[in-house]
Amino acid sequence: MANQRVTGPKYLGSYDKQVAFFSQVTGAIRDSGTSGENAKDNTVIFYDKKFHWSWFIPLDKDVVSVGLVLPRADFLEKKQTPEEFFRSELYKHQS
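This write-up is about the structure you can find in this document.

Cut-offs and rules
Residues numbered from 1 in each chain as written. Predicted model: local features only at pLDDT ≥ 70, side-chain atom pairs only at ≥ 80, totals over all residues. Heavy atoms only, no water. Helix = DSSP H or I, 4+ residues; strand = E, 2+ residues; numbered from the N terminus. Phe/Tyr/Trp six-rings, centres within 6.5 Å; stacked < 30°, edge-to-face > 60°. Buried < 20%, exposed > 50% of the residue type's maximum accessible area, 1.4 Å probe, protein only. Pairing = 2+ DSSP bridges. Axes fitted to C-alpha atoms, helices over the stretch in contact; angles between N-to-C directions. Polar contact = N/O pair within 3.5 Å; in protein donor to acceptor, adjacent residues only side chain to side chain. Contact = heavy atoms within 4.5 Å. Patch = residues over 30% accessible without salt bridge, like charges linked within 9 Å, V, L, I, M, F, W, Y side chains within 5 Å. Areas by Shrake-Rupley, 256 points an atom, 1.4 Å probe, with all protein chains shown as cover. Salt bridge = Lys/Arg side-chain N within 4 Å of Asp/Glu carboxyl O.

1. Thoughts on unusual backbone geometry
Piece 1. In the Ramachandran plot, Lys79 falls in the positive-phi region, its phi being about 55 degrees despite a non-glycine side chain.
Piece 2. Tracing the sequence through the fold places Lys79 in the loop between helix H1 (72–78) and helix H2 (82–93).

See below:
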């Protein structure tokens, strides 16, 4: 996407310093579908800031994949279990 100038520039060499947290959930609230024929089934990727991003990917009519990627240092700083951290970050960033 960076090569197509859809996003900002690529930053190489920092991926080994990131961690990913993800899960599959049922009952997630999806878009109503009004902004496009199948908008409720669209993959959504959120970019918060450099090296911080998350996703919401519908897998079928009931299940979605949700996850986030961020610097490992952010996770270690909080001294939480992976589950506690994932939940707190998801709730912190919901609209």
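2. Topic: the packing of aromatic side chains
Each aromatic ring pair is described using two quantities: the centre-to-centre distance and the angle formed by the ring planes.
Piece 1. A complete count under the given rule lists five aromatic pairs for this structure.
Piece 2. Considering the side-chain rings of Phe21 and Phe86, the 6.5 Å spacing of their centres and the 20 degrees angle between planes classify their relative orientation as stacked. Placement of the pair is Phe21 in strand S1 (residues 18–26) and Phe86 in helix H2, with a sequence separation of 65 residues.
Piece 3. Residue class for Phe21 comes out buried when judged on its relative accessible area of 9%.
Piece 4. In textbook terms, an aromatic cluster arises when at least three aromatic residues are bridged by ring pairs, as seen for Phe21, Phe75, Phe85 and Phe86.

3. Notes on the sheet that holds strand S4 (residues 63–71)
Piece 1. One open sheet accounts for four strands, arranged S1-S4-S3-S2; its pairing is antiparallel. Of all the strands in the sheet, the pair left with one neighbour each is S1 and strand S2 (44–49). Strand-to-strand twist in this sheet, taken as the mean axis angle between neighbours without regard to direction, amounts to 10 degrees.
Piece 2. Relative to S4, strand S3 (residues 52–58) is paired through six bridges, and the arrangement is antiparallel. Bridging from a neighbouring strand, Ser54 pairs with Leu68 of S4.

4. Looking at the side chain of Gln18
Piece 1. Turning to its location among the elements, Gln18 is positioned in strand S1.
Piece 2. Look at Gln18 and you get buried, because its relative accessible area is 14%.
Piece 3. Within polar-contact distance, the side chain of Gln18 engages the backbone oxygen of Phe51 at 3.0 Å.
Piece 4. Ignoring any residue separated from it by four or fewer positions in sequence, one finds Gln18 in contact with Phe51, Val69, Leu70, Pro71 and Arg72.

5. Observations concerning a nonpolar patch on the surface
Piece 1. A contiguous nonpolar patch, built from Ile45, Tyr47 and Trp53 and spanning about 310 Å² of accessible area, is present on the exposed surface.
Piece 2. With respect to the helices and strands, the residue Ile45 is situated in strand S2.
Piece 3. Assessed through its relative accessible area of 42%, Ile45 is described here as partly exposed.

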